[in-house]
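# Analysis of the macromolecular model
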Amino acid sequence: NLKQSWDESSLQRLVRNVPADLEVAEWENKEGYFEVRFSDGSSGDYYPPPENATKVELEAEGKVLWGDPSEVERLLGMDWSAGGLRFAWGDLAIEETEAAVKASGLTAEQLNQGRAVLSGRVAAARAALVRAVHVYGVASIRGAPAEADVTRRLADAVVGAVETTNFGYKFVIKAVAKPHNLAYDNIGLQQHTDFTYCAKVPDIGVFHCIEPAPVGGDSLWLDGFAAADALDDDQRRLLAETPVSHLDITDMWDLRATHPTLQYDDAGTLKRVFFNERTRDSWRQFADTKRTPSQDFYAALAAYEAEVDRPDRMLNTPLDKGDIVLFDNARVMHSRKPFVGGRHMEGSYISWESAYATYRVLKARLDKKPGEQLTYCGNPLAVFDEPEPLAALHSEF
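Thresholds applied
- Residues numbered from 1 in each chain as written.
- Predicted model: local features only at pLDDT ≥ 70, side-chain atom pairs only at ≥ 80, totals over all residues.
- Heavy atoms only, no water.
- Helix = DSSP H or I, 4+ residues; strand = E, 2+ residues; numbered from the N terminus.
- Buried < 20%, exposed > 50% of the residue type's maximum accessible area, 1.4 Å probe, protein only.
- Contact = heavy atoms within 4.5 Å.
- Areas by Shrake-Rupley, 256 points an atom, 1.4 Å probe, with all protein chains shown as cover.
- Pairing = 2+ DSSP bridges.
- Axes fitted to C-alpha atoms, helices over the stretch in contact; angles between N-to-C directions.
- Expected span 1.5 Å × (residues − 1).
- Arc of directions from axis to C-beta.
- Core = buried A, V, L, I, M, F, W, Y, C linked by side-chain atoms within 4.5 Å.
- Salt bridge = Lys/Arg side-chain N within 4 Å of Asp/Glu carboxyl O.
- pLDDT = per-residue confidence, 0-100.

Let us now look at the overall build of the chain. Within the chain one finds nine helices and 21 strands. Taking all 397 residues of the chain together, 46% fall into the buried category. Across the chain, contacts joining residues at least 24 apart in sequence account for 75% of those joining residues at least 6 apart. Carbon together with sulfur atoms contributes 51% to the accessible area of the chain, which is approximately 19,900 Å² in total.

Written out as structure tokens, the structure is:
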């Protein structure tokens, strides 16, 4: 953990094979660090880590649940700079990021500046976007280009890359004859979380409206955590303890996964909902007598489904051309109304790991005081532009 043990540019460790019997021979207290000499004759500078070095900020921040969607509907109509959940495509400087990477001839990570060297306002907007989805489970972006691959471009610019699924880096939603997934029909859909039939379920959904339907097709959203709160303790226990099989069969794959309907961590905090009645594989699960759900489980599932089907829990967002909605697929369910005519949507996913990592570097960028040098183990981190005054942009930062 000496400053000289780490490469200053990459912040990767240079020293390896440290002897187990190595001891400190002598040390001298300097201002902010120690000069250390070891028993093998090596020496260097040791900078003690700050008390908050392991602090995890956003991941530990509480979530605002919404059984009644009226407050979230209000926030979606309010600009992020005023504390709302609505962003403009231009706020995020996607084209500028793409142009900078292209002009450098390098990839964003090789540029060694990446997504952190932004104006204060753009850094604040991107950080606010990630925080909005963490806290409220949903956020919207207006004015994006109404063309293909915008969700990939957004993910690449803001967090580095999309989280791929069996569909690849995106999926395209258009009505077709004899669909292998009812999302490709024009019927209305029940509220659900996506990709329940995958062992690793993707995290943050990014849905982009390229062409809205002329009639119907409104997108509907529901807080699955708030719906679970409406159940009693026994119902939640049954939904957490009972494994449920899910499937997706096409001519290209036979995907199968098993999850509880409600997933809690060791502290008893609800972390994820797996609910999709279109993919629940009760037929094959019935053949496994050791895993056949009980009647009490089905009663609990019916109670949860009744909460999920309540119209007063649903947030209605008729999406216009170019609109994007980001949502936490671990928590927020989505559905749609039936529609007539053409409707073209595209979607991608972003991992929470990438989003939180991006938030941490943006937050460090925003919190940095004028003239302050951010360091790791005594080595300077990338030099950030001096932040603009942000108090008027978002009180949370």
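Strand order in the open sheet formed by three strands is 1-2-3, and the pairing between neighbours is antiparallel. Two strands bound the open sheet, and with one partner strand each, they are strand 1 (24-29) and strand 3 (43-46). Neighbouring strand axes in the sheet, compared pairwise and without regard to direction, differ in orientation by 25° on average. Here five bridges tie strand 1 to strand 2 (residues 34-38), and the two strands are oriented antiparallel to one another. Following the sheet pairing, Trp27 is matched in strand 2 by Val36.

Let us look at the pairing of strand 17 (residues 332-336). For strand 17, a buried count of five out of five residues is recorded, marking the element as mostly surrounded by other parts of the structure. As judged from the two bridges shared by strand 7 (residues 189-192) and strand 17, these two strands associate in the antiparallel manner. Residue pairing in the sheet places His192 in a bridge with His334 of strand 17. Note: strand 10 (residues 219-223) against strand 17, five bridges, orientation antiparallel. Each residue of the ladder has a partner; that of Asp223, found in strand 17, is Val332.

Attention now goes to helix 8 (residues 295-308). Compared with an ideal rise of 1.5 Å per residue, which puts 14 residues at 20 Å, helix 8 spans 20 Å between its outermost C-alpha atoms and is within 8% of the ideal. If you check which residues of helix 8 are buried, you get Phe297, Ala300, Leu301, Ala303, Tyr304, Glu307 and Val308. Taken down its axis, helix 8 places every buried residue within 155° of arc, on the same side.

Counting residues in hydrophobic clusters, the biggest one holds 64 residues, and the most contacted among them are Ile141, Leu154, Ile324 and Leu326. Here this core gets twelve residues from one element, more than from any other, and that element is helix 3 (residues 120-136). The next biggest cluster of nonpolar side chains, apart from the first, holds 19 residues, and it includes Leu222, Ala228, Leu270 and Tyr304.

Quick look at the pattern of salt bridges now. On inspection of all chains with the given rule, the structure shows 30 salt bridges. A salt bridge links Lys170 to Glu346, with the nearest nitrogen and oxygen atoms 2.9 Å apart. With Lys170 in the loop between helix 4 (150-158) and strand 6 (171-173) and Glu346 in strand 19 (residues 344-350), this pair connects stretches of sequence that are 176 residues apart. Under the relative-accessibility criterion, Lys170 is labelled buried at 18%. Relative accessible area serves as the criterion here: at 3%, Glu346 is assigned to the buried category. Each member of the salt-bridge network shares a partner with another, and the members are Glu95, Glu98, Glu147 and Arg153.

To continue, consider helix 3. Helix length check: helix 3, at 17 residues, gives a terminal C-alpha distance of 23 Å against a target of 24 Å (1.5 Å per residue), a fit within 8%. Buried residues dominate helix 3, accounting for 16 of its 17 residues.

A few words now on the environment of Arg152. For Arg152, the position within the fold is in helix 4. Distance from Arg152 to Gly347, taken between C-alpha atoms, is 8.6 Å for residues 195 residues apart in sequence. Not counting chain neighbours up to four residues away, the residues in contact with Arg152 comprise Val162, Tyr169 and Ser348.

This part covers unusual backbone geometry. With a phi close to 55°, Leu11 is a non-glycine residue in the positive phi region. Within the secondary structure layout, Leu11 lies in the segment before strand 1. One non-glycine residue, Ala93, lies in positive phi territory at about 55°. Residue placement: Ala93 occurs in the loop between strand 4 (86-88) and helix 2 (94-104).

In the predicted model, the chain carries a mean pLDDT of 87, and 88% of its residues have values of at least 70. Under a pLDDT of 50 for its full length, residues 112-116 has, in the predicted model, 16 contacts with residues more than four places off or in other chains. Throughout residues 385-397 the model reports pLDDT below 50, and contacts reaching past four residues in sequence, or to other chains, amount to 37 contacts.

The side chains of a regular strand alternate between the sheet's two faces. Across four bridges, strand 2 lies against strand 3 in antiparallel orientation. Across the sheet, Glu35 pairs through a bridge with Asp45, a residue of strand 3. Counted along the chain from strand 2 to the antiparallel partner strand 3, the turn is four residues long, and its residue Gly41 has a positive phi close to 95°.

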